[in-house]
Structures are given as C-alpha cells and as structure tokens.
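Summary of structural features
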Amino acid sequence: MSKKHILLLHTGGTISMKENAAGSVAPDGANPIAEVIHIPGVEARYTVKEPFQLPSPHMTLEKMLVLREEIEASDADGVVITHGTDTMEETAFFLHITLNTPRPVVLTGAMRSSNEAGADGVPNLTAAVKTAASPDARGKGVLVVMNNSIHSAEFVAKTNSGSLDSFQSRNSGPIGTVLKTGPRFFSTPSESQAFAITKLNYRVPVLKAYAGMDDFLISQLASCDGAVIEAMGQGNIPPEAAKALVPLIQSGFPVVITSRCENGIVEPVYAYEGGGAALKEAGALFARGLSGPKARLKLIAALSAGYKGELNRFFL
Ligand code: ASP
C-alpha cells in the first residue's frame, strides 16, 4: 500500500512556543513542532509548510483564506494544521464552511508549550496525523483533535483556559477518539454548506447581551455589514437594547441571534419586548446551536457568497 501523503501546515500558537526562565511563554526562534516529521505508527510522507507563525489571537480571516488556498492547491490525502488554541475553533469552522473536499482536514495545538512538563504538543500532533491519514476520517468535515478526542468543527469550543481537556463539543460530545491504532468514530456530522466566498472585508461584530443593556452598543452598528448578538437564554435581549435593534433589523440590516449560554439552541420563543419571537418577527436570523464567533463567520461567508437577500436559507 502506498504511503499516505500528509500536508502539515504549521501556523504558530503554544504548540510552537517555549516557556522561558521567568515562566512566560513566547516563540523562541525555530518552531520545535516543525522539526517533528516522523510520527511513529503512521506510514506517511509529509509536505511541511509554515505559512506563518502567529499566536492565534493574531489570526485573521485573510490568513484563514491562505490556509484554505494551501489545502485546495495540495494533492495530499489528508491535512493537519497546527494552530494556537485561542481561535482554533474559528479557523476550523471557517475551513469547514468554505472547503468542498472529502479529504480529512484536522486542526490541533497544545495547551502547554514545548518545553513545559507534560507538554501535549507532540501527542496531539501524533493523534491528529493518525486521524488525517485514516480513510475513516474522509467525508467528516473539518475536525479538531485535542487530548485524543475528535471534534467536529461545527460544535467544538475551547471551554477551559488552561486544562489539557479544554476542547469540548457544544450540545454534544466528541465524534470519535484516537486510539494507539488510529481513530475510532462514534458518529458522522451532517454535511455542511460550502460557501463559495469571494471577499472577506465585512465588518460584523459580536455583541454580548447583559442585564440592563441599552442602545449604546447597538447605535454603533449602522456602519457595519451585519451583527451577531449573543442573546440571553433562547434568544432574548433587554427592552432598551431591543428598542434600538428592532428598527435596525426592520431596515434590512442582518442580525444573527445566538445564545450566551454554553449549550442549547436559540429559538424564537418569547413574544415580550426583546424576546426572541419579537426579534424574529422583526426579521432577525437565528443561528441554532452555533456560538457567536462561528455565527459571525457563517454570516460573513453567506454575505461573501452573494446571499444577502436569502440569508434565511442558512439560519432559522
Ligand atoms: N494564546 C495561545 C494561542 O492561541 C494559546 C495556545 O496556543 O494554546 O496562540
């Protein structure tokens, strides 16, 4: 059997950093993870690229597009991207909704830098490569592999700022696990739309609702291309905020509602002022179980693909 061809894209993050004597973590010259090109137990050949080396809070949509182009240009059987954990779920989701390929694309990173006790970078890279090299991972969309768990890009979130087990799947669990012999899948995520994006220069902020929220932030939105509101509970906002938001939505400005709850699915249930049903009546879009940052990426992708007048095809 011929060796699998794996494209390894290194982009930075803690997995590429070192802890110094003072205990701070930062890049330190060469990327230690880029030197790992033999993964025991995997028969593969690698193309290794480092398009950039960034802490992931420095990630942008334009850089996500660079990754998408690298993947599309490659004939690899599977792709592994090492990435900072802070925005890994956003890059994974962006690729999930813009790539049209059955090939496995797997993101991984590390919660501990390369020279810290219990560093998880090499074990995570190993599990990610095993997954990307497996035929069982084909057709499952973009995946995040951390701590031997396999998550769909649609649901995965960094849920803990420091724990090795930080990555969890919203509203569900991992779709598989990585054993010594390779990945074992429990389920297959439903297929997602691959948006044919053209440009990305849309300004779409994410606002989080809070008790007593008024029109202050909402009144800044008029110059944007759309907005995501992380509303309360099933999709409700306070009345003073609603007084400003409802006319904006009625004017055709795209507003996507998500929940600030960690789990659950937004629905237009409550008909009181600011309630989800009242927002829906005005024309708000509901992002079902997506988090705020992912709903933002989906709105931008839909706008970029030319669906401005048909956004309700992609939201509730
Ligand atoms: N702040 C780091 C980053 O996202 C955290 C990490 O990689 O785990 O780049």
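Look up: the structure comes first, before these words.
Residues numbered from 1 in each chain as written. Predicted model: local features only at pLDDT ≥ 70, side-chain atom pairs only at ≥ 80, totals over all residues. Heavy atoms only, no water.

Let us look at the overall build of the protein chain. The helix and strand tally for the protein chain stands at 6 helices and 16 strands. Its C-alpha radius of gyration of 20 Å places the protein chain within 12% of the 20 Å reference for a compact globule of 316 residues. Per-residue burial for the protein chain yields a buried fraction of 51% across its 316 residues. Considering only contacts within the protein chain whose residues lie at least 6 apart along the sequence, 72% involve residues at least 24 apart. Entry remark: accessible area of the protein chain is about 13,800 Å², with carbon and sulfur atoms responsible for 49%. For the protein chain, the distance from the average position of its 28 positive side-chain charges to the average position of its 30 negative side-chain charges is 5 Å. (Helix = DSSP H or I, 4+ residues; strand = E, 2+ residues; numbered from the N terminus. Rg over C-alpha atoms; globule rule 2.2 N^0.38 Å. Buried < 20%, exposed > 50% of the residue type's maximum accessible area, 1.4 Å probe, protein only. Contact = heavy atoms within 4.5 Å. Areas by Shrake-Rupley, 256 points an atom, 1.4 Å probe, with all protein chains shown as cover. Lys, Arg positive; Asp, Glu negative; His and termini not counted. Charge placed at Lys NZ, Arg CZ, Asp CG, Glu CD.)

What follows concerns the sheet that holds strand β8 (residues 149–152). Paired through their backbone hydrogen bonds, the strands of a sheet run either parallel or antiparallel. Ordered by their spatial adjacency, 8 strands build an open sheet running β4-β1-β5-β6-β7-β8-β11-β12, and the pairing between neighbours is mixed. Here the strands that pair on one side only, and so sit at the sheet edges, are β4 (44–49) and β12 (182–185). Neighbour-to-neighbour, the strand axes of this sheet turn through a mean angle of 25°, independent of strand direction. Bridge count between strand β6 (residues 105–108) and strand β7 (residues 142–146): 3 bridges; the pairing is parallel. By the bridge assignment, Leu107 is partnered in β7 with Val144. Each of β1 (4–10), β4, β5 (78–82), β6, β7, β8, β11 (176–179) and β12 is contacted by helix α3 (residues 121–132), which is oriented at about 160° to β5, the strand it contacts most. (Pairing = 2+ DSSP bridges. Axes fitted to C-alpha atoms, helices over the stretch in contact; angles between N-to-C directions.)

Once that is clear, we can look at the site of the ligand. Every residue close to the ligand is listed here: Gly13, Thr14, Pro55, Ser56, Pro57, Gly84, Thr85, Asp86 and Ala110. Within the backbone of Ala110, a nitrogen or oxygen atom sits 3.0 Å from an oxygen atom of the ligand. Across the complex, the protein chains shield 85% of the 260 Å² of accessible surface that the ligand would expose by itself. Counted by class, the shell around the ligand contains 3 nonpolar, 5 polar and 1 charged residues. (Near = heavy atom within 4 Å. Polar contact = N/O pair within 3.5 Å; in protein donor to acceptor, adjacent residues only side chain to side chain. Nonpolar A, V, L, I, M, F, W, Y, C, P; charged D, E, K, R; others polar.)

Residue position: Lys298 is located in helix α6 (residues 292–304). Summary of buried charges: Lys298 has no salt-bridge partner, and the nearest side chain of opposite charge, Glu154, is 6.1 Å away. Those residues in contact with Lys298 that lie beyond four places of it in its chain are Phe93, Ile97, Phe195, Leu290, Phe314 and Phe315. (Salt bridge = Lys/Arg side-chain N within 4 Å of Asp/Glu carboxyl O.)

Once that is clear, we can look at the pairing of β12. Relative to β12, β11 is paired through 4 bridges, and the arrangement is antiparallel. Bridged to Thr177 within β12 is Arg184. Where β11 folds back on β12, the antiparallel hairpin that results is connected by 2 residues.

Here we come to the nonpolar core. In terms of nonpolar packing, the biggest core is built from 50 residues, with Ile81, Phe94 and Leu95 touching the most fellow members. Looking at this core, the elements with two or more residues in it are β1, α1 (61–73), β5, α2 (88–98), β6, β7 and α6. Ranked by residue count, the leading element in this core is α6, at 7 residues. Not counting chain neighbours up to four residues away, the residues in contact with Ile81 comprise Leu9, Thr11, Leu67, Ile71, Leu95, Val105, Val106, Leu107 and Thr108. (Core = buried A, V, L, I, M, F, W, Y, C linked by side-chain atoms within 4.5 Å.)

If you trace the backbone, Gly118 turns up in the loop between β6 and α3. We classify Gly118 as partly exposed; its relative accessible area is 46%. Each C-alpha atom, one on Gly118 and one on Ser304, is 42 Å from the other, the two residues being 186 residues apart in sequence.

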